[in-house]
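Chain and residue survey
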Amino acid sequence: MIGYQILLPPGWAQIPLRAGTDEAVAAILDAATEGHTPPPDWREQMTVELGKTATRARADSCVHLYVPIAALHGLTVPAAISVADVAFGSLDPLDPSLLVQRLAAAPGGKQVIIAGAVCSRAESTHPADPNHGAPLPFRRVDYLMPFPDDPDRWLVVTFTTLAPENLEWVALFDAMMTTFAWTQQP
């Protein structure tokens, strides 16, 4: 079975969404409160919020979430990364290069090489839209890449930050994506 690996900078944690979600959330909250006492009900509220986020991500075919749990240069990055495993269910095999070309031609899109393969990268900013679950403006970066030897299966790695003007965090995510590699899972 094919998997993937992304090297995380210090202060980021992975939340698996297929199994072990509750345990990962508990460990993240333990790390976040180490050395100090949080406000009353904080842990319960965060457990509920991370649980809701995990449920929404799982519904979008996500297999992992990555969240910052420690400050970077004195600030906790207001961001998250989701990784989705998407199969189109095509009757005929897709030509990955044609899909990547089309996505790269869209506004904010471009072709990039990740793990030796041509992929698409799209970047966009979005205004606040409380009626659709976006109480603050945000920036989003999506990488879409075909699985090796399966043109109908794609991995979508999405970075979202609530600080759309801060391009340093986008650069951090792009740097993380340079470490992306396919792996063989047992």
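See the structure above.
Residues numbered from 1 in each chain as written. Predicted model: local features only at pLDDT ≥ 70, side-chain atom pairs only at ≥ 80, totals over all residues. Heavy atoms only, no water.

Turning to the packing of aromatic side chains, a few remarks are in order. The relative placement of two aromatic rings is captured by the distance of their centres and the angle of their planes. In total, this model carries five aromatic pairs according to the counting rule given. Geometrically, the ring pair formed by Y4 and F180 is stacked, given 6.0 Å between the ring centres and 5° between the ring planes. Here F180 lies in the loop between α4 (167-177) and β9 (181-184) and Y4 lies in strand β1 (residues 2-5), a separation of 176 residues in the sequence. Overall, Y4 belongs to the buried group, its relative accessible area being 13%. With a relative accessible area of 4%, F180 lands in the buried category. Their ring planes at 70° and their centres at 5.6 Å tell us that Y143 and F173 sit as a pair that is edge-to-face. (Phe/Tyr/Trp six-rings, centres within 6.5 Å; stacked < 30°, edge-to-face > 60°. Helix = DSSP H or I, 4+ residues; strand = E, 2+ residues; numbered from the N terminus. Buried < 20%, exposed > 50% of the residue type's maximum accessible area, 1.4 Å probe, protein only.)

For the rest of this paragraph, the subject is the side chain of T21. Tracing the backbone through its elements, the reader meets T21 in helix α1 (residues 21-33). The residues touching T21, leaving out its near neighbours within four places in the chain, are I15, P16, A54 and R58. (Contact = heavy atoms within 4.5 Å.)

Each pocket or cavity is described by its volume, and for the largest pocket that value is around 1,300 Å³. Elements that contribute at least two residues to the lining of the largest pocket include exactly α1, α2 (42-59), β3 (62-68), β4 (79-87), β7 (138-147) and β8 (150-161). Among the elements that line the lining of the largest pocket, the one with the most residues is α2, at seven residues. When its volume is computed, the second largest pocket comes out at roughly 310 Å³. Taken together, the elements giving at least two residues each to the lining of the second largest pocket come down to β1, β2 (12-16), β3 and β8. Broken down by element, the lining of the second largest pocket gets its largest block of residues, four residues, from β1. When the residues that make up the lining of the second largest pocket are grouped by side-chain class, the tally is twelve nonpolar, five polar and three charged. (1 Å grid on protein atoms, 1.4 Å probe; cavity = no way out; pocket = protein on both sides within 12 Å on 5 of 7 lines; lining within 4 Å. Points joined across faces, edges and corners; volume = space filled by probe spheres on them. Nonpolar A, V, L, I, M, F, W, Y, C, P; charged D, E, K, R; others polar.)

Quick look at the pattern of salt bridges now. All chains considered together, the criterion is met by eight salt bridges. A salt bridge links R153 to D85, with the nearest nitrogen and oxygen atoms 2.5 Å apart. Residue R153 is located in strand β8, and its partner D85 is located in strand β4; the two are separated by 68 residues in the primary sequence. Here D85 falls in the buried class, since its relative accessible area comes to 16%. Ionic pairing is found between D142 and R140, a salt bridge with its closest N-O pair at 2.8 Å. Assessed through its relative accessible area of 16%, D142 is described here as buried. Counted as one network, the salt bridges with shared partners bring together R121, E123, R139 and D174. (Salt bridge = Lys/Arg side-chain N within 4 Å of Asp/Glu carboxyl O.)

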